[in-house]
Amino acid sequence: MSELQPSSNNADVATLRSPPRHIAIIMDGNGRWAKARGLPRALGHKEGVEALRRAVEASRDLGVTHLSVYAFSTENWNRPQTEIDALFDLLRVFVRRDLARLHKDGVRIRIIGSRIGLSDDILSLIDEAMAKTKDNTRLTLNIAFNYGGRGEIVAAMQQMARAVEAGQLKSDQIDEAMVSRMVWSGESPDPDLVIRTSGELRLSNFLLWSGAYAELMFMDLWWPDFTRESLEKAIDAYRRRDRRFGGLGA
Ligand code: IPE
Ligand code: IPE
Ligand code: MG
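Conventions and cut-offs
- Residues numbered from 1 in each chain as written.
- Chains lettered and ligands numbered in written order.
- Predicted model: local features only at pLDDT ≥ 70, side-chain atom pairs only at ≥ 80, totals over all residues.
- Heavy atoms only, no water.
- Near = heavy atom within 4 Å.
- Polar contact = N/O pair within 3.5 Å; in protein donor to acceptor, adjacent residues only side chain to side chain.
- Areas by Shrake-Rupley, 256 points an atom, 1.4 Å probe, with all protein chains shown as cover.
- Helix = DSSP H or I, 4+ residues; strand = E, 2+ residues; numbered from the N terminus.
- Nonpolar A, V, L, I, M, F, W, Y, C, P; charged D, E, K, R; others polar.

Student: For this particular structure, what's the right way to read the site of ligand 2?
Tutor: Around ligand 2 lies a shell formed by I26, M27, D28, Y70, A71, F72, N76, R79, R196, R202 and S204. R79 has a polar side-chain atom sitting 3.2 Å from an oxygen atom of ligand 2. For ligand 2, an oxygen atom lies 2.6 Å from a polar atom in the side chain of S204. Burial of ligand 2 by the protein chains amounts to 78% of its free accessible area of 390 Å². Top element by residues in the shell around ligand 2 is strand β2 (residues 66-73). It accounts for 3 residues. Taken together, the residues that form the shell around ligand 2 break down as 5 nonpolar, 2 polar and 4 charged.

Student: Where do I start with the site of ligand 1 in this structure?
Tutor: Close to ligand 1 lie 13 residues, the nearest being D28, G31, R32, R41 and R79. A distance of 2.8 Å separates an oxygen atom of ligand 1 from a polar side-chain atom of R41. In the model, an oxygen atom of ligand 1 is placed 2.7 Å from a nitrogen or oxygen of the R79 side chain. Secondary-structure elements contributing two or more residues to the shell around ligand 1 are α1 (30-36), α2 (41-61) and α3 (81-104). With 3 residues, the top contributor of residues to the shell around ligand 1 is α1. Its residues assigned to classes, the shell around ligand 1 comprises 3 nonpolar, 5 polar and 5 charged.

Now the structure itself:
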């Protein structure tokens, strides 16, 4: 971990906070993982799916109830078409191959993001996965696909503006709780912890609304190298953080 964390910010062992309910992950570094091995980037993404499977399983075992993963950002349309195709194929493969098992394991799948620009086959796959697993309660897996944090806020604003135009909503009824419900990720509580792999120190437009007070953790490893131990380590570090929410804390 490349964290520079003053020890005064760490709670002592006696006051470990409860584990995070909702973890969000920016799964970054697939391309560099592949490059370091002289492999094509697509293979890095393929290994990234293996890491995702590990993360889902470990989250479920460690009592996390919501896991959000950033799989394709609205900015990722800026990549070459071959790379975009590879990333879309992986979503297809993941949903087709893993849906039955995830469903059996009690995982509720939600794909969060814009539907604009997605092909019909992807849209029906998304709808199928969400419908099939909608009543599962063990773990909610939010897959942020064609997701952007600003776009998510704009979509919520448009929805509220339409309700105002239709006379169903008064502007002063709009409050933070309403926006929290209206964003794509609104069926999950705010993330407690946002993890980014690959060493980059930015959010890249992920969960700008709901992540307002999340603990941030930047890990120095490529996403395909992420293991159950990586998640345990992150949770352990989280439990030592002093979350103050503007107050004076522990
Ligand atoms: C993350 O890995 C996966 C997606 C963005 C879809 P990258 O593809 O960004 O890998 P790097 O950052 O180039 O190494
Ligand atoms: C963020 O990673 C998006 C996903 C992990 C899906 P990027 O690799 O696209 O982000 P930047 O370009 O480094 O900000
Ligand atoms: Mg990247």
